[in-house]
Amino acid sequence: MFFAGLLGATTDNIIQHYALWTYPTNHPLIPLIGDDWGIYIVVTYLFIQWLPERQTYCWLSLYILVFATIGITIEWIHVVTHHMTHEKWWNYGWSYLANFFLYMIFYYFHKVFQLEKLSIQGK
């Protein structure tokens, strides 16, 4: 989850210098930090907690596709309400690919470090 928050904060800082998307409203710093450390962390937490028990290639692809679609829907709402604009060559297609790729990274990060729920055995 913290990895996702770090990635979100990093990309928002990079985008300040190479604008592929912008947030045209002048939000104070605290709500922007809340986005990076709130939304990204919560969504990644839900993604990991709701991983399907059958973790076959097909099921994981479908699961990641669902979460990527949710992300694109949230982005679309931000664009339609003028809280975000796409710049240069960025569009929903690139966002979709980026979301899919990020969820794959989160899944493999979770698996490599074996961050499974620990069960407490009663004695």
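Scroll up to find the structure.
Please read all numbers here as calculations on a predicted model, not as lab measurements.

Student: What am I meant to see in the overall build of the protein chain here?
Tutor: A count of helical and extended segments in the protein chain gives 4 helices and 2 strands. Put simply, the protein chain runs from its N terminus to its C terminus through helices and strands in the order α-β-α-α-β-α. Of all 123 residues assigned to the protein chain, the portion counted as buried reaches 24%. For the protein chain, the proportion of contacts with a sequence separation of at least 24, taken over those separated by at least 6, is 72%.

Student: Would you mind showing me how to read the packing of aromatic side chains here?
Tutor: All chains considered together, the criterion is met by 10 aromatic pairs. Each ring, one from Trp21 and one from Trp90, has its centre 5.3 Å from the other, and the planes form 50°; the classification is tilted. Of this pair, Trp21 sits in strand β1 (residues 21–22) while Trp90 sits in the loop between β2 (85–86) and α4 (92–112); the two residues are 69 residues apart in sequence, bridging distant segments of the chain. What links up through ring pairs into an aromatic cluster is the set Phe47, Tyr63, Phe67, Tyr103 and Phe106. Between Lys88 and the ring centre of Tyr18, over which it is positioned, the NZ or CZ distance is 5.3 Å.

Student: Just checking my understanding: could you explain a nonpolar patch on the surface for this structure?
Tutor: A cluster of nonpolar side chains, namely Trp59, Leu62, Leu65, Val66, Ile70 and Ile74, defines an oily patch on the protein surface of about 500 Å² accessible area. Of the residues examined, Ile70 reaches a relative accessible area of 41% and is grouped as partly exposed.

Student: Quick question: what am I supposed to make of unusual backbone geometry here?
Tutor: Phi is mostly negative for residues that are not glycine, and the peptide bonds are mostly trans. Unlike most non-glycine residues, Lys88 shows phi in positive territory, near 50°. Topologically, Lys88 is positioned in the loop between β2 and α4.

Student: Whenever I open this one, the environment of Ile70 confuses me. Can you help?
Tutor: Looking at the element boundaries, Ile70 is found in helix α3 (residues 57–80). Taking the C-alpha atoms as reference points, Ile70 and Tyr96, separated by 26 residues in sequence, lie 9.9 Å from one another.

Student: Would you explain the nonpolar core in this entry?
Tutor: For soluble globular proteins, nonpolar side chains are generally found buried alongside one another. Grouped together as the largest cluster of nonpolar side chains are 11 residues: Ala4, Phe47, Ile48, Leu51, Leu60, Tyr63, Ile64, Phe67, Tyr103, Phe106 and Tyr107. Listing elements by their share of this core, those giving two or more residues are α2 (29–49), α3 and α4. Top element by residues in this core is α3. It accounts for 4 residues. Those residues in contact with Tyr103 that sit more than four places away from it in its chain are Val43, Phe47, Ile64, Phe67 and Ala68.

Student: Explain α3 to me, please; I cannot follow it from the model alone.
Tutor: Quick reminder: α-helices carry 3.6 residues per turn. Residues three or four places apart thus point the same way. Its 24 residues place the ends of α3 34 Å apart at the C-alpha level, agreeing with the 34 Å of an ideal helix rising 1.5 Å per residue. Of all the positions in α3, only Leu60, Tyr63, Ile64, Phe67, Ala68, Ile72 and Glu75 are classed as buried. Just downstream of α3 lies His82, where phi reads positive at about 65°.

Criteria and thresholds
Residues numbered from 1 in each chain as written. Predicted model: local features only at pLDDT ≥ 70, side-chain atom pairs only at ≥ 80, totals over all residues. Heavy atoms only, no water. Helix = DSSP H or I, 4+ residues; strand = E, 2+ residues; numbered from the N terminus. Buried < 20%, exposed > 50% of the residue type's maximum accessible area, 1.4 Å probe, protein only. Contact = heavy atoms within 4.5 Å. Phe/Tyr/Trp six-rings, centres within 6.5 Å; stacked < 30°, edge-to-face > 60°. Lys NZ or Arg CZ within 6 Å of the ring centre and 35° of its normal. Patch = residues over 30% accessible without salt bridge, like charges linked within 9 Å, V, L, I, M, F, W, Y side chains within 5 Å. Areas by Shrake-Rupley, 256 points an atom, 1.4 Å probe, with all protein chains shown as cover. Salt bridge = Lys/Arg side-chain N within 4 Å of Asp/Glu carboxyl O. Core = buried A, V, L, I, M, F, W, Y, C linked by side-chain atoms within 4.5 Å. Expected span 1.5 Å × (residues − 1).

As far as function goes, none of this settles anything; it's purely spatial.
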